[in-house]
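# Descriptive structure summary
Here is what each chain is made of, one letter per residue.
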Amino acid sequence: MSNEIIGLIGIAVLVLLLFSKMWVGVSMMLVGFAGCIILGGYGSAAILLGMIPYTTTSYYTLACMPVFIFMGVLISESGLGADLYIAARTWLGRLRGGLAMATIVACGFFAAVCGDSVTSAVTMSKVSYPEMKKHGYGEGLASATIAAGGTIGILIPPSICFIIYALITEQSVGKLFMAGIIPGILMVIFYMIVIAFKTKGKSGEIPPAAAEGYSFKEKLISLRLIWPIVLVFLVMMIGMYAGFFTPTEAATIGVIVTLLVAVFGRRLTVNKFINALKETLSYSCMIYLLLIGAYVFMRFMAFSRLPAWLSNNVGILYTVYEVPRVVILICVLIFYIFLGMFMDVFPCILLTLGFVYPVMEEIGYSLIWFGVIMTRMMEIGMISPPFGLNLFVCAKSCDVPMGTLYRGIIPFVCMDFLHVALLVALPVLSLWLPSLM
C-alpha cells in the first residue's frame with residue numbers, strides 16, 4: 001500500500017471521528033500519531049508528539065492570538081461594544097431599516113478590535129436584537145442581520161483566522177491584516193445594500209421609518225461613544241503599517257489601551273475582569289489544542305506525501321491539460337463553503353490548509369490574496385443553511401426558530417457570493433494595502 005493511500009485512509013478515519021462528535025483537536029492528534037507510527041515507526045512518532053506541543057505553542061507569532069482574544073472579550077464585557085451600536089443607531093436609526101443598518105455598522109467597528117465572528121454575533125445579539133424587536137422588526141430580518149454582521153469580525157483586522165493562516169503558510173501577519181481591511185469595509189456596504197433593497201418592498205419585517213430623529217449636534221456628540229474603539233484600532237494599525245511594532249506587540253499595546261479606557265471610564269469591575277480572563281483562557285486553550293492536533297496531523301500528511309502528490313497533479317491539470325486555474329479555484333471555494341457549513345473556521349483551516357495552499361501556490365495565486373478569499377468562503381459557510389455555526393449561535397441568543405432564521409439569511413448569503421466574485425475579479429482590492437507596506 002502506497003503512502004498516499006495511507007494518507008487518504010487517515011483522512012477518511014478523521015472524518016468518521018469528527019462525525020462521531022470527538023473533539024477536532026484530539027481527533028487530528030490521534031489520527032496523525034497513528035499515521036506517523038505506520039509510516040515512520042513508533043520512535044519517530046513519539047519524538048514528534050513530544051516536540052510539537054512545545055514548538056507550536058512557543059511560536060512567537062502565535063503569542064498575539066490570546067492577547068487579541070482578551071482585548072475583544074474586554075471590549076464586550078466593559079460595554080464598549082454596546083456603545084458602538086448606540087452611536088450607529090443615532091446616525092442611522094431614523095432611516096427605514098436603519099436599526100438593521102446600524103447593527104451592521106456596529107459589527108464592522110466591533111470587528112476592528114475583536115477578530116472572531118461568534119463573539120461579534122453574541123455581543124450584538126444582546127445589544128441590538130431587543131432594540132430591533134421593540135421597533136417592529138421581524139424576527140427573521142433582525143436575527144439574520146446579526147448572524148451576517150457577525151461574520152465581519154473575522155475579516156477586518158485583527159483576525160485570529162489570519163494569525164493562524166500566517167503561521168501555517170509562513171506569510172506576513174501584518175500584510176494579511178492589511179489585506180482584510182478593504183474587503184471588510186466592502187462587506188459592510190454590501191450588507192447595508194441588502195437591507196436597503198428589503199426596504200423597497202412591502203415586507204412586514206421592515207417597520208416604517210422611526211418618527212423621532214436626532215439633530216446633527218446630537219449625532220456629533222454620539223461619536224464620543226466610539227472613540228475608544230477607533231483609538232485602539234488606529235494605534236494598532238498605524239503602528240504595524242509604519243513598522244513601529246510587530247503584530248504581537250500591537251496586540252499588547254491594544255490591550256493596554258483598552259484596559260486604560262475601561263478602567264478610567266469606570267466600565268470594568270473586578271468580576272468583569274475575571275470573567276474576561278476565564279473566557280480568554282477557555283477560548284485560547286481550545287485553539288491551542290486545535291493547533292497541536294493540526295500540526296501532528298500535518299506531519300502525518302507530510303510523511304504520506306499526499307499534499308505533494310495533490311499539488312503535482314493539479315499542476316499537471318493546469319500546465320499540461322490547460323484547465324483554467326479559475327476552475328480549480330472555484331472547486332476549492334465550493335469545497336470550503338461546504339466545509340464551513342459543518343465546522344467552525346479554525347478547524348476548517350487547520351484541517352485543510354496543509355494540502356490546499358500548496359495547490360494555490362502551484363497554480364500561481366498569491367497566498368495573501370487566497371487567505372482573504374478562503375476566510376471569506378468559510379464565513380459564508382457559517383451562515384449557510386442548514387448547519388452554519390453563526391445561525392445556531394444567533395438562534396439560541398435571540399430565541400428565534402431556525403426556519404425563520406434560514407429564510408432571513410438567504411439574501412445576505414446571495415450578496416456574499418457577489419462580494420466574493422468581486423474579490424476574485426479584482427485581486428487589487430485585497431493586495432493594494434499590503435503592497436504599500
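Now for a description of the structure that goes with this document.

### Topic: helix α22 (residues 428-435)
Among all positions of α22, only Leu429, Ser430, Leu433 and Pro434 are buried. End-on, the buried residues of α22 take up no more than an arc of 135°, which puts them together on one face. Packing partners of the buried residues in α22 comprise α10 (173-179), α11 (181-198), α13 (227-242), α19 (367-382) and α21 (402-425).

### Looking at the environment of Cys36
When you line up the elements, Cys36 lands in helix α2 (residues 24-40). For the pair formed by Cys36 and Leu48, sequence separation is 12 residues and the distance between their alpha carbons is 8.7 Å.

### Side note on unusual backbone geometry
Positive phi, close to 60°, is recorded for Glu170, a residue that is not glycine. Positionally, Glu170 belongs in the loop between α9 (160-169) and α10. Classification of Glu170 as exposed rests on a relative accessible area of 69%.

### With respect to the nonpolar core
Residues Met360 and Phe370 are the most contacted members of the largest nonpolar core, which totals 147 residues. Tallying contributions element by element places helix α15 (residues 270-304) first for this core, with 13 residues. Discounting chain neighbours no more than four positions away, the residues touching Met360 are Ile328, Leu329, Val332, Tyr365, Leu367 and Phe370.

### A look at the pattern of salt bridges
A pair can form between side chains of opposite charge whenever their charged atoms are brought close. Considering all chains together, one arrives at 1 salt bridge under this definition. Between Asp416 and Arg376 there is a salt bridge; the shortest N-O distance is 2.2 Å. You can see Asp416 sitting in helix α21 and its partner Arg376 sitting in helix α19, a full 40 residues away along the chain. Each member of the pair, Asp416 as well as Arg376, carries the same accessibility label: buried.

### Some details on the packing of aromatic side chains
Tallied over the entire structure, the rule returns 5 aromatic pairs. For the pair Tyr191 and Phe412, a centre-to-centre distance of 5.5 Å together with 80° between the ring planes defines the contact as edge-to-face. With Tyr191 in helix α11 and Phe412 in helix α21, this pair connects stretches of sequence that are 221 residues apart. Both residues of the pair, Tyr191 and Phe412, count as buried. With a centroid separation of 5.0 Å and an interplanar angle of 20°, the aromatic rings of Tyr365 and Trp369 are classed as stacked.

Here is what the cut-offs are and how they apply
- Residues numbered from 1 in each chain as written.
- Predicted model: local features only at pLDDT ≥ 70, side-chain atom pairs only at ≥ 80, totals over all residues.
- Heavy atoms only, no water.
- Buried < 20%, exposed > 50% of the residue type's maximum accessible area, 1.4 Å probe, protein only.
- Helix = DSSP H or I, 4+ residues; strand = E, 2+ residues; numbered from the N terminus.
- Arc of directions from axis to C-beta.
- Contact = heavy atoms within 4.5 Å.
- Core = buried A, V, L, I, M, F, W, Y, C linked by side-chain atoms within 4.5 Å.
- Salt bridge = Lys/Arg side-chain N within 4 Å of Asp/Glu carboxyl O.
- Phe/Tyr/Trp six-rings, centres within 6.5 Å; stacked < 30°, edge-to-face > 60°.

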